[in-house]
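Okay, here's what each chain looks like letter by letter:
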Amino acid sequence: MSAWWVGLHLRLLSGDDRRSREVPLLPIVELALVGFCRAAVMGTWVSPLPGALLLCAGYLSDEQIGYGDGWLTLALGMWFPTERLLLMLALGSLLCVGAGLGTGERELPFVPFLTAAYFMTGGG
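The present account deals with the structure reproduced in this document. (Residues numbered from 1 in each chain as written. Predicted model: local features only at pLDDT ≥ 70, side-chain atom pairs only at ≥ 80, totals over all residues. Heavy atoms only, no water.)

**Observations regarding the packing of helix 1 (residues 2–20) against helix 4 (residues 67–76)**
Reasoning step 1: Two elements in contact, helix 1 and helix 4, have axes whose closest approach is 12 Å; the angle formed by their N-to-C orientations is 175°. Relative to helix 4, helix 1 is oriented roughly antiparallel. For the pair helix 1 and helix 4, contact is made by Val6, Leu10, Leu13 and Asp17 and by Asp69, Leu72 and Leu76, respectively.
Reasoning step 2: Here the contact of helix 1 with helix 4 is composed, by residue class, of five nonpolar, no polar and two charged. (Axes fitted to C-alpha atoms, helices over the stretch in contact; angles between N-to-C directions. Helix = DSSP H or I, 4+ residues; strand = E, 2+ residues; numbered from the N terminus. Parallel < 35°, antiparallel > 145°, perpendicular 65-115°, else oblique. Contact = heavy atoms within 4.5 Å. Nonpolar A, V, L, I, M, F, W, Y, C, P; charged D, E, K, R; others polar.)

Structure (structure tokens):
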């Protein structure tokens, strides 16, 4: 059930990111809260550090890394262990860089690549 829930959110947020280059905060907050409650009930650890680091990177880079990407990563940290989340971020980044090199674009929406990485690492 949780793989379906996260996958659905990532698909919807990917569409928003592709269309408007922004991700809405409300579904991210909902994803984070449900994930946090799930982790509390199941007694699993959450991993907010990767998301917090992305938010800091967004601030330091004058939002070259979007805050939405950081907030989404923070929400995903409620669902996944740090190792899986870092793998998804690394793979998503490689896919994004590859797409940028292939298309010549310098700015691409990141959530679609993060979504692809989620499915490539065994999600939903």
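**Things to note about the pattern of salt bridges**
Reasoning step 1: Taken as a whole and judged by the stated rule, the model has two salt bridges.
Reasoning step 2: The salt bridge involving Arg21 is made with Glu105; its shortest N-O contact spans 3.6 Å. A residue pair is termed long-range when its members are at least 10 positions apart, and Arg21 in the loop between helix 1 and helix 2 (25–42) and Glu105 in the loop between helix 5 (82–103) and helix 6 (111–120) qualify at 84 residues.
Reasoning step 3: Since its relative accessible area comes to 44%, Arg21 is described here as partly exposed.
Reasoning step 4: The partly exposed category is assigned to Glu105, whose relative accessible area is 38%. (Salt bridge = Lys/Arg side-chain N within 4 Å of Asp/Glu carboxyl O. Buried < 20%, exposed > 50% of the residue type's maximum accessible area, 1.4 Å probe, protein only.)

**What to know about helix 3 (residues 49–60)**
For an α-helix the count is 3.6 residues per turn, leaving residues at separations of three or four pointing the same way.
Reasoning step 1: The end-to-end C-alpha distance of helix 3 is 16 Å, a good match for the 16 Å that twelve residues give at a rise of 1.5 Å each.
Reasoning step 2: Residues of helix 3 that are buried: Pro50, Gly51, Leu54, Leu55 and Gly58. Buried residues in helix 3, looked at end-on, bunch into an arc of 140°, giving them a common side. Projecting away from the buried face of helix 3 at angles above 90 degrees are the exposed residues Leu49, Leu53, Tyr59 and Leu60.
Reasoning step 3: On the buried face of helix 3, the contacting elements are helix 4 and helix 5.
Reasoning step 4: Positioned one or two residues after helix 3, Asp62 has a phi angle of 55°, which is positive. (Expected span 1.5 Å × (residues − 1). Arc of directions from axis to C-beta.)

**Structural notes on the environment of Thr115**
Reasoning step 1: Turning to its location among the elements, Thr115 is positioned in helix 6.
Reasoning step 2: For Thr115 and Val6, which are 109 residues apart along the polypeptide, the C-alpha to C-alpha distance reads 9.6 Å.
Reasoning step 3: Setting aside chain neighbours within four positions, we find Thr115 in contact with Leu10, Arg11 and Ser14.

**Quick look at the nonpolar core**
Reasoning step 1: Judged by nonpolar contacts, the single largest core of 23 residues is most densely connected at Val6, Leu31, Leu72, Leu76, Phe80, Met88 and Leu114.
Reasoning step 2: Counting only elements with at least two residues in this core, the list comes to helix 1, helix 2, helix 4, helix 5 and helix 6.
Reasoning step 3: It is helix 6 that contributes the most residues to this core, five residues altogether. (Core = buried A, V, L, I, M, F, W, Y, C linked by side-chain atoms within 4.5 Å.)

**Focus on the side chain of Ser14**
Reasoning step 1: In this structure, Ser14 sits in helix 1.
Reasoning step 2: A relative accessible area of 3% places Ser14 in the buried class.
Reasoning step 3: Every residue in contact with Ser14, bar those within four places of it in the chain, is listed here: Val111, Pro112 and Thr115.

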